[in-house]
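# Inside the fold
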Amino acid sequence: MPPSLDEVLALCAERGVPVLEDAAHAFGSTLRGRPAGSLGRFGAFSFFPTKVALSGEGGLVTGSAPEDLEAVRRWRDHGKSAAGSTLHDRPGGNWRLSELHAALGTVDLERFAATLAARRALARRYDALLDGVPGLRPHPVPGESGSNYYKYLAHLDESVDREVLKKRLRDRHGVHLAGEVYDHLLCDQPYFGAAAGPDGDFPRARRFARHHIALPLFPSLTEEEQERVVSALRGELS
């Protein structure tokens, strides 16, 4: 079942609500052939070192309207009325990438097509290797979507203790699983305090948060290393 984003976009357009895409993890992903970051009025990507494309820190803002992009350029540069000007006609901040981060990001973007292809090939191989592993099923990519596989997710059966499994994989096999996405719901964050709902609220979200794992996936991962990960999982889950 594809994501219902088109319905959300149509509803927002009907009500005059601008859509800002939080595409932090989605660089290179697509929905029905349209790239992430092109679906709303703005898109925002993160180039933090853990992302699929990186600049060391910072990110990228996308938009289709020239006047919107010009406004972003001014906001990021102290609200100056024009590049190089000492006059300010709007609020702003110092949100520019440093030259070093920009140079690093430019080089990484030049090789991103190969990075994306490698991540997708590794994900397809995990799909095949994990077939028949008990107590685990790969997370399906929604129809008409093209994932960048920022993380490769799998779901554990209710009977599997995730923390015990992760410890055994680490201690017995030297396999370290990546962090979850995410293991706490937003409503349970301490910042919200009394606003958090009872533990029984949002049962489907809670099940996802408690029972998914993220397998190692990075462009330089070898076939031998993938087989080792899956062999360890099969051994601990059988």
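Here we come to the overall build of the protein chain. Each helix and strand counted, the protein chain has seven helices and nine strands in total. Looking at the 238 residues of the protein chain, the share that counts as buried comes to 34%. Residue pairs in contact within the protein chain that sit at least 24 positions apart in sequence constitute 56% of those at least 6 positions apart. The distance from the centre of the 30 positive side-chain charges to the centre of the 32 negative ones in the protein chain is 1 Å.

Turning our eyes to something else, we now look at the packing of aromatic side chains. For the structure on display, the rule yields five aromatic pairs. For the pair phenylalanine 27 and phenylalanine 112, a centre-to-centre distance of 4.8 Å together with 70° between the ring planes defines the contact as edge-to-face. With phenylalanine 27 in the loop between β1 (20–22) and β2 (30–31) and phenylalanine 112 in helix α4 (residues 112–129), this pair connects stretches of sequence that are 85 residues apart. Residue phenylalanine 27 is classed as buried on the basis of its relative accessible area, which comes to 17%. For the pair tyrosine 126 and tyrosine 152, a centre-to-centre distance of 4.9 Å together with 40° between the ring planes defines the contact as tilted. One end of the pair, tyrosine 126, is in helix α4; the other, tyrosine 152, is in strand β8 (residues 152–156), and 26 residues separate them in sequence.

Of all residues in the protein chain, 96% have pLDDT values of 70 or greater, and the mean over the chain is 92. Across the protein chain, the secondary-structure element scoring lowest on mean pLDDT is helix α6 (residues 203–211), at 91, and the one scoring highest is α4, at 97.

Glancing now at a nonpolar patch on the surface. Together, Leu186, Tyr191 and Phe192 line one region of the surface with nonpolar side chains, adding up to about 410 Å² of accessible area. Mapped onto the fold, phenylalanine 192 is located in the loop between α5 (162–173) and α6. Looking at phenylalanine 192, the relative accessible area reads 37%, which means it is partly exposed.

The residue alanine 205 is located in helix α6 in this model. Separated by 31 residues in sequence, alanine 205 and glycine 174 place their C-alpha atoms 30 Å apart.

Paired through their backbone hydrogen bonds, the strands of a sheet run either parallel or antiparallel. Reading across from one edge, β3-β2-β7 is the order of the three strands in this open sheet, with antiparallel pairing throughout. The two strands at the open ends of the sheet, each matched to only one other strand, are β3 (34–35) and β7 (145–146). As paired elements, β2 and β7 share two bridges and run antiparallel to each other. Within β7, the residue paired with threonine 30 across the bridge is glycine 146.

On to the side chain of lysine 80, then. Along the polypeptide, lysine 80 turns up in the loop between α2 (66–76) and α3 (99–110). There is no salt bridge for the buried lysine 80, and the closest opposite charge comes from aspartate 77, which lies 4.0 Å off by N-O distance. Beyond its immediate sequence surroundings of up to four residues, lysine 80 is in contact with Arg74, Ser85, Leu87, His88 and Asp89.

Moving on to the pairing of strand β9 (residues 212–215). Working note: regular strand, side chains alternate between the two faces of the sheet. Along β9, one buried face is formed by His212 and Ala214 and the opposite face, lined by Ile213 and Leu215, is buried too. Examined bridge by bridge, β8 and β9 share four bridges and lie antiparallel to one another. If you follow alanine 154 over to β9, its bridge partner there is isoleucine 213.

Scanning the entire structure with this criterion turns up 20 salt bridges. A salt bridge links glutamate 163 to arginine 162; the nearest nitrogen and oxygen atoms lie 3.8 Å apart. Ionic pairing is found between aspartate 188 and arginine 206, a salt bridge with its closest N-O pair at 2.6 Å. On the criterion of sequence distance, the pair formed by aspartate 188 in the loop between α5 and α6 and arginine 206 in helix α6 is long-range, its members being 18 residues apart. Take aspartate 188: its relative accessible area is 30%, and that puts it in the partly exposed class.

Here we take up the packing of α5 against helix α7 (residues 223–237). Where α5 contacts α7, the axes come no closer than 10 Å and their chain directions differ by 120°. Judged by the angle between their axes, α5 and α7 are oblique. The two elements α5 and α7 meet at a crossing, and its hand is right-handed. Contact residues: α5 offers Leu165, Arg168, Leu169, Arg172 and His173, while α7 offers Arg228, Ala232, Leu233, Glu236 and Leu237. The class makeup of the residues in the contact of α5 with α7 is five nonpolar, one polar and four charged.

The rules we used
Residues numbered from 1 in each chain as written. Predicted model: local features only at pLDDT ≥ 70, side-chain atom pairs only at ≥ 80, totals over all residues. Heavy atoms only, no water. Helix = DSSP H or I, 4+ residues; strand = E, 2+ residues; numbered from the N terminus. Buried < 20%, exposed > 50% of the residue type's maximum accessible area, 1.4 Å probe, protein only. Contact = heavy atoms within 4.5 Å. Lys, Arg positive; Asp, Glu negative; His and termini not counted. Charge placed at Lys NZ, Arg CZ, Asp CG, Glu CD. Phe/Tyr/Trp six-rings, centres within 6.5 Å; stacked < 30°, edge-to-face > 60°. pLDDT = per-residue confidence, 0-100. Patch = residues over 30% accessible without salt bridge, like charges linked within 9 Å, V, L, I, M, F, W, Y side chains within 5 Å. Areas by Shrake-Rupley, 256 points an atom, 1.4 Å probe, with all protein chains shown as cover. Salt bridge = Lys/Arg side-chain N within 4 Å of Asp/Glu carboxyl O. Pairing = 2+ DSSP bridges. Axes fitted to C-alpha atoms, helices over the stretch in contact; angles between N-to-C directions. Parallel < 35°, antiparallel > 145°, perpendicular 65-115°, else oblique. Left-handed = near helix turned anticlockwise from the far one by under 90°. Nonpolar A, V, L, I, M, F, W, Y, C, P; charged D, E, K, R; others polar.

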